[in-house]
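Below, each chain spelled out in residue letters.
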Amino acid sequence: MMNGSARLVATMGLVAYLAAASAAHAQQEFPPPQGKGRVVVLASGMSGPASDTTVAREIAELGYDVVLFDGNQMEGTHGDGVKTDILQAQKMPHALPGKVALVGFSLGGGMFMYYGAQWPDLVSGEVLWYPLNNFIQDIPGFAGRLKVPLLVFAGAKDRFHDDCCTADYDTKLATASTAAGKTFKLIIYPDADHDFVQGGDNYNPKDYSDAFKRTADRLKAYSGG
């Protein structure tokens, strides 16, 4: 039978184990054809990662080690979930060392845009597809904290979830960021709705093809060519 001190030590060990287990988020790795590659961290929208596996595979085929996370597990963590995922992705079996690029969709895109964009020591740049944006109330403050380049895709017809991710709000963020001397490139597709990615509910082949090409070009720039 354990005495009180032994029970305390055992309990503390269990708490530490549970904390470590909860910090490690479930992920899916898509290795590049050459075996190892620069890391691209993907974050899904609220529908979960299943709808973003197609684009994850296509990015991996460009030569990157793609690690896909559920954006839902980042929400409400005040950036801790985003950083946990980045650090976890850097330790994947097929990952080359160095900064990561972030690619986020909807909810995950919003988490990346607000938190990941503040860490230039970890992140080389971001590509965000129809990101959650209406939770950002202090627009000048956001622009002032932006420290990595952003490429953002928005659909002019996007009215998803009480206008959570509109092109109009992205325009306000881009305008403020540009005025502050930051890199915030916004592409608005007039015929696109929310989730126009391949595998999404509103897949738009023409706009997806253009956005994916732009994504490939920007990831190449982020990785130094």
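Structure shown above.
Residues numbered from 1 in each chain as written. Predicted model: local features only at pLDDT ≥ 70, side-chain atom pairs only at ≥ 80, totals over all residues. Heavy atoms only, no water.

### Overview of the state of the cysteines
As used here, a disulfide is simply a covalent bond connecting the sulfur atoms of two cysteines. Counting across every chain of the model gives one disulfide. Disulfide pairing is shown between Cys-164 and Cys-165; the S-S distance is 2.4 Å. Note on the Cys-164 and Cys-165 pair: the S-S dihedral is about -75°, so by sign convention the disulfide is left-handed. Just as Cys-164 is buried, Cys-165 falls in that class too. (Disulfide = S-S within 2.5 Å. Buried < 20%, exposed > 50% of the residue type's maximum accessible area, 1.4 Å probe, protein only.)

### Here's the deal with the sheet that holds strand β7 (residues 184-189)
If you trace the seven strands from one edge of the open sheet to the other, you get β1-β3-β2-β4-β5-β6-β7, paired in mixed fashion. A single partner strand is all that each edge strand has here, and the edge strands are β1 (27-30) and β7. Neighbour to neighbour, the strand axes of the sheet diverge by 15° on average, direction disregarded. In the sheet, strand β4 (residues 100-105) pairs with strand β5 (residues 123-129) via six bridges, with the strands oriented parallel. Each bridged residue has a counterpart across the sheet, and for Gly-104 the counterpart in β5 is Leu-128. Across the face of the sheet, helix α3 (residues 80-89) comes into contact with β1, β2 (39-43), β3 (65-69), β4 and β5 while running at roughly 145° to β3. Sitting on the sheet, helix α7 (residues 167-179) touches β6 (150-155) and β7, and the angle it makes with β7 is about 155°. (Pairing = 2+ DSSP bridges. Helix = DSSP H or I, 4+ residues; strand = E, 2+ residues; numbered from the N terminus. Axes fitted to C-alpha atoms, helices over the stretch in contact; angles between N-to-C directions. Contact = heavy atoms within 4.5 Å.)

### Concerning the pattern of salt bridges
In total, this model carries four salt bridges according to the counting rule given. Between Arg-214 and Asp-210 there is a salt bridge; the shortest N-O distance is 2.8 Å. Of the two residues, Arg-214 and Asp-210 are both situated in helix α8 (residues 205-222); the distance of four residues between them amounts to about one turn of the helix. Looking at Arg-214, the relative accessible area reads 35%, which means it is partly exposed. Residue Asp-210 is classed as partly exposed on the basis of its relative accessible area, which comes to 28%. Between Lys-213 and Asp-217 there is a salt bridge, and its shortest N-O distance comes to 3.2 Å. Here Lys-213 and its partner Asp-217 are both found in helix α8, four residues apart, which amounts to about one turn of the helix. A relative accessible area of 53% places Lys-213 in the exposed class. A relative accessible area of 45% means that Asp-217 is categorised as partly exposed. (Salt bridge = Lys/Arg side-chain N within 4 Å of Asp/Glu carboxyl O.)

Scope: geometric values only; no functional claims are made or implied.
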